[in-house]
Protein chains: 2
Amino acid sequence: MADVYRSKIVSDELSPGDRLPTEQELTEEFSTTRGTVREGLKVLVNEGLIEPARPRGYFVRRHELSYVRPQSEWRPQPVSPEMDRWMEDQTVLGREPTQHISVEIIPPPSKVGERLGIAKGDLVVARRRIRYIDGEPFNLNDSFYPYDLIKGSEILNPADIPRGSNQALADLGYEQVRAIDEVEARMPLPDEANRLQLGPGNPVLVHRVTGFTIDDRPVRCTVNVLIGSKHVMLFERSKSTKVEG
Amino acid sequence: MADVYRSKIVSDELSPGDRLPTEQELTEEFSTTRGTVREGLKVLVNEGLIEPARPRGYFVRRHELSYVRPQSEWRPQPVSPEMDRWMEDQTVLGREPTQHISVEIIPPPSKVGERLGIAKGDLVVARRRIRYIDGEPFNLNDSFYPYDLIKGSEILNPADIPRGSNQALADLGYEQVRAIDEVEARMPLPDEANRLQLGPGNPVLVHRVTGFTIDDRPVRCTVNVLIGSKHVMLFERSKSTKVEG
DNA sequence: GAGTGGTCTAGACCACGGG
DNA sequence: CCGTGGTCTAGACCACTCA
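Rules and cut-offs
Residues numbered from 1 in each chain as written. Chains lettered and ligands numbered in written order. Predicted model: local features only at pLDDT ≥ 70, side-chain atom pairs only at ≥ 80, totals over all residues. Heavy atoms only, no water. Helix = DSSP H or I, 4+ residues; strand = E, 2+ residues; numbered from the N terminus. Buried < 20%, exposed > 50% of the residue type's maximum accessible area, 1.4 Å probe, protein only. Axes fitted to C-alpha atoms, helices over the stretch in contact; angles between N-to-C directions. Left-handed = near helix turned anticlockwise from the far one by under 90°. Contact = heavy atoms within 4.5 Å. Phe/Tyr/Trp six-rings, centres within 6.5 Å; stacked < 30°, edge-to-face > 60°. Lys NZ or Arg CZ within 6 Å of the ring centre and 35° of its normal. Near = heavy atom within 4 Å. Polar contact = N/O pair within 3.5 Å; in protein donor to acceptor, adjacent residues only side chain to side chain. Nonpolar A, V, L, I, M, F, W, Y, C, P; charged D, E, K, R; others polar. Expected span 1.5 Å × (residues − 1). UniProt positions renumbered as here; feature names shortened; annotations may be inferred. Salt bridge = Lys/Arg side-chain N within 4 Å of Asp/Glu carboxyl O. Arc of directions from axis to C-beta.

- For chain A, the name recorded in an unreviewed UniProt entry is GntR family transcriptional regulator, with Kibdelosporangium lantanae as its organism.

Laid out in C-alpha cells, this is it:
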C-alpha cells in the first residue's frame with residue numbers, strides 16, 4: 001500500500017495538495033483490513049510525504065520553502081540574479097512576521113554549557129523567541145548568555161531590542177568579532193515539537209551560533225531551530241574571499 | 001506509553017545504547033495489548049529516539065556526530081581550540097573511508113536543472129558517489145554537469161580523480177570562482193533512504209552547491225545528502241571578513 | 001530453537017471538525 | 001449530524017538472528 005502510493009507521489013501522479021482515498025476506500029482497494037492500511041499511511045506520514053487533516057482525509061504535503069541567510073548580520077549580501085530565479089515567490093517578503101519573547105534564568109542545556117564554557121552550577125540567561133509567519137510557527141530562536149555577564153542589563157527584559165541584542169552585548173563591553181556556526185538536521189525534541197506545533201515526519205534544521213569576543217571569550221550561544229519544510233539556508237562564497245584576515 | 005519512555009530518554013534516565021523492555025513486558029507494565037504498545041514504540045522510533053534491533057529488542061539511539069566543513073575547498077580553516085574541545089573523538093579521523101562512484105547521463109532532476117539552467121530535453125552528467133565510513137553508508141555526493149560541457153572528458157570516467165573534479169573542470173576551461181550553497185533538512189526520498197540504508201526517524205541534511213565560472217555560468221551542481229544523525233556542518237566567520245570584494 | 005519484532009485480521013468505540 | 005481519522009482489544013502467524 002505504502003509502496004504504491006509512495007511512487008504515485010514521487011512520480012508526480014499525485015501532486016502536493018491532492019487528497020488520498022479514505023482509509024475505507026484504501027481498505028477495499030487493497031482488499032485488506034483498516035489496521036493494515038493505517039500502518040501503510042503512517043509510514044508515508046513519517047516519511048513526510050502526506051499529512052492527515054482530520055476529518056478531511058490525507059493530503060500530499062506541500063513544501064513552501066523560504067530562503068534564509070544566516071550570516072546577514074555580518075555579511076550584507078546582494079541578491080544575485082540566479083538566486084532571484086530560485087526564490088521566486090518563496091521569500092518571506094510580503095508575509096506577516098510576529099514573534100513572542102520570553103526570558104528565563106536557568107542552568108544551561110548541555111551543548112550550550114559546553115560552548116559557553118559554563119561551570120557546573122552556574123546559570124545562563126535564556127532569551128527565547130518563537131517567530132511566526134502569518135500566525136503559524138516558523139522557527140525558534142533561543143539565545144543564551146552567561147548570567148553574570150548581563151546581570152541587570154536590558155537583555156533580561158522580554159521585549160524586542162531594536163538595535164539588536166548583539167549590539168546591546170557590545171555596549172556592555174562584549175563585542176563579538178568571531179562566530180562558529182554549526183548546522184545539523186534532526187527530529188525535533190518534544191519541547192521543540194510543541195513550540196513549533198510539528199507533527200511526525202517533520203525534521204528541523206538546527207543552526208547553532210557561538211559568538212566570541214576579541215579575547216576569544218564565548219559570550220553568546222544562539223540556537224535556531226528551523227522547520228525543515230519551511231526553510232532553506234542560503235550562503236554565497238567566492239574564490240577571492242579572504243578569511244581570517 | 002510513548003510519553004513515559006520519551007521522558008525517560010530525554011531526562012537521561014535511559015542513556016543511549018540502553019535496551020528498552022520487550023513489547024511483551026511493556027504490554028504487562030501498562031496492562032494493555034501488544035498492538036497499543038507497538039504504536040507507542042513506533043512513535044518513538046519515528047521521533048528518532050529509539051531503534052529496533054531485531055531480535056535483540058529496542059535500543060535508545062546513539063548519535064555519533066562527525067564535523068564536516070563544507071567550504072574547505074576554498075577556505076582552509078584552522079581548527080580552533082574551542083572546536084577541538086567539541087569535536088573530541090567525533091571526527092572522521094582514524095576511521096576508514098571508502099567510496100563507490102558511478103556515472104550516468106540523464107535528464108537532470110528538476111532542482112538541478114533549474115540551477116544549471118538546462119533547457120528542456122538537454123542532458124546532464126551525474127557523477128554519483130556513496131561514501132562509507134567503516135563500511136557503513138555515510139553520505140551521498142552527487143555532482144551534475146551539463147553534458148555538452150564535459151563530453152569526452154575524464155569526468156565521465158567512474159573513477160576517482162585525484163586532483164579533484166573541480167580542477168578537471170577548470171582544466172577544460174571552466175574554472176569556478178563563485179558558489180551558492182543551499183542547506184535544508186528533510187526526510188530522505190525513497191531512493192536516498194535505500195542508498196544510505198536509512199530507517200524511519202532519520203532525517204537528512206541536504207547541502208546543494210552550485211558553482212559558477214567568472215562569467216557567471218553555472219557549470220556544476222553538487223548535491224550532498226548527509227545522514228542527519230552523523231553530521232554537523234561547521235563554519236566560522238569573523239567580523240573582519242571581506243565578502244564580495 | 002527460542003525469543004525478538006513484523007505483519008495481519010476483525011472487530012469496537014472515541015474525538016474532532018466542517019456543513 | 002456525519003464522516004473522517006485516532007485509539008484500542010485480542011487474537012494469529014511469520015521472519016529474522018543470535019547463541
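Some words on the overall build of chain A
Then, number 1: If you tally the helices and strands in chain A, you get eight helices and 10 strands.
Then, number 2: A buried classification covers 51% of the 245 residues belonging to chain A.

Structural notes on the packing of helix H1 (residues 2–10) of chain B against helix H3 (residues 34–46) of chain B
Residues and elements named next belong to chain B.
Then, number 1: At a minimum axis separation of 9 Å, H1 and H3 run at an interaxial angle of 35°. Considering the relative orientation of H1 and H3, their crossing is right-handed. Side by side, H1 and H3 meet where Ala2, Tyr5 and Arg6 of the first sit next to Gly40, Val43 and Leu44 of the second.

Some remarks on the packing of aromatic side chains
Then, number 1: This model, assessed by the stated rule, comprises three aromatic pairs over all chains.
Then, number 2: Between Tyr5(A) and Phe30(A), the ring centres sit 6.3 Å apart and the planes meet at 65°, which makes this aromatic pair edge-to-face. With Tyr5(A) in helix H1 (residues 2–10) and Phe30(A) in the loop between helix H2 (23–29) and helix H3 (34–46), this pair connects stretches of sequence that are 25 residues apart.
Then, number 3: Residue classification places Tyr5(A) among the buried residues on the basis of a relative accessible area of 4%.
Then, number 4: The residue whose ring lies beneath Lys151(B) is Tyr147(B), and the NZ or CZ to ring-centre distance is 5.6 Å.

With respect to the protein's contact with DNA strand C
Then, number 1: Around DNA strand C sit 15 residues, and of these Thr32(A), Thr33(A), Thr36(A), Arg34(B) and Arg38(B) come closest.
Then, number 2: The contact in question runs from a phosphate oxygen of DNA strand C to an N or O atom on the side chain of Thr32(A), over 2.3 Å.
Then, number 3: The contact in question runs from a phosphate oxygen of DNA strand C to an N or O atom on the side chain of Thr36(A), over 2.8 Å.
Then, number 4: For the surface near DNA strand C, the secondary structure elements donating two or more residues are H3 of chain A together with H3 and strand S2 (57–60) of chain B.
Then, number 5: Considering only residue class, the surface near DNA strand C consists of four nonpolar, five polar and six charged.

Quick notes on the protein's contact with DNA strand D
Then, number 1: Around DNA strand D, 15 residues are found, and the nearest of them are Arg34(A), Arg38(A), Pro55(A), Thr32(B) and Thr36(B).
Then, number 2: Of all atoms in DNA strand D that approach within 4 Å of the protein, 66% are sugar or phosphate atoms.
Then, number 3: Within the backbone of Glu23(A), a nitrogen or oxygen atom sits 3.3 Å from a phosphate oxygen of DNA strand D.
Then, number 4: Elements with a minimum of two residues in the surface near DNA strand D: H3 and strand S2 (57–60) of chain A together with H3 of chain B.
Then, number 5: Of the residues that constitute the surface near DNA strand D, the class distribution is four nonpolar, five polar and six charged.

A look at H3(B)
Then, number 1: For H3(B), which comprises 13 residues, the first-to-last C-alpha distance of 18 Å matches the rise-based estimate of 18 Å (1.5 Å per residue) to within 8%.
Then, number 2: Every buried residue of H3(B) is accounted for by Val37(B), Gly40(B), Leu41(B), Leu44(B), Val45(B) and Asn46(B).
Then, number 3: Among the structural elements, H3 of chain A together with H1, helix H2 (23–29), strand S1 (50–53) and S2 of chain B are those in contact with the buried residues of H3(B).
Then, number 4: Downstream of H3(B) by a residue or two, Gly48(B) has a phi angle that is positive, lying close to 80°.

Some words on the environment of Thr98(B)
Residues and elements named next belong to chain B.
Then, number 1: Inspection of the secondary structure puts threonine 98 in strand S4 (residues 97–106).
Then, number 2: Taking relative accessible area as the criterion, threonine 98 reaches 41% and is therefore assigned partly exposed.
Then, number 3: In sequence terms threonine 98 and aspartate 122 are 24 residues apart; their C-alpha atoms lie 32 Å from each other.
Then, number 4: Look past the residues within four positions of threonine 98 in its chain and what remains in contact with it is Ile130, Arg131 and Tyr132.

Here we look at the UniProt feature "domain: HTH gntR-type" (unreviewed entry) in chain A
Then, number 1: Residues annotated in UniProt with the feature "domain: HTH gntR-type" (unreviewed entry) correspond here to residues 1–63 of chain A.
Then, number 2: As a span, residues 1–63 of chain A carries 46% helix and 13% strand, and end to end its C-alpha atoms are 23 Å apart.

Considerations on the environment of His63(B)
Residues and elements named next belong to chain B.
Then, number 1: In this structure, histidine 63 sits in the loop between S2 and strand S3 (66–68).
Then, number 2: A residue is classified by how much of its surface remains accessible, and histidine 63, at 40% relative accessible area, is partly exposed.
Then, number 3: Along the chain, histidine 63 and arginine 115 lie 52 residues apart, while their C-alpha atoms are 33 Å from each other.
Then, number 4: Beyond its immediate sequence surroundings of up to four residues, histidine 63 is in contact with Gly48 and Ser229.

Details of the pattern of salt bridges
Then, number 1: With the rule as written, the count across this model stands at 38 salt bridges over all chains.
Then, number 2: Notably, a salt bridge pairs Glu47(B) with Arg6(B), separated by 2.8 Å at the nearest N-O pair. Of the two residues, Glu47(B) sits in the loop between H3 and S1 while Arg6(B) sits in helix H1, which places them 41 residues apart along the sequence.
Then, number 3: A relative accessible area of 24% means that Glu47(B) is categorised as partly exposed.
Then, number 4: Exposure remark for Arg6(B): the relative accessible area of 14% places this residue in the buried category.
Then, number 5: The shortest N-O distance in the salt bridge between Arg195(B) and Asp142(B) comes to 2.7 Å. Remark: Asp142(B) occurs in strand S6 (residues 136–146) and Arg195(B) occurs in helix H8 (residues 190–196); sequence separation between them is 53 residues. For the pair formed by Arg195(B) and Asp142(B), the shared burial category is buried.
Then, number 6: It is possible to trace a salt-bridge network through shared partners that takes in Lys111(A), Glu114(A), Arg115(A), Glu182(A), Glu184(A) and Arg208(A).

Things to note about H1(B)
Then, number 1: For H1(B), every residue scored as buried is listed here: Ala2(B), Tyr5(B), Arg6(B) and Ile9(B). Mapping the buried residues of H1(B) onto a view down its axis gives an arc of 105°, with all of them on the same face.
Then, number 2: Packing partners of the buried residues in H1(B) comprise helix H8 (190–196) of chain A together with H2, H3, S1 and S2 of chain B.
Then, number 3: Just beyond H1(B), the residue with positive phi is Asp12(B), at close to 70°.

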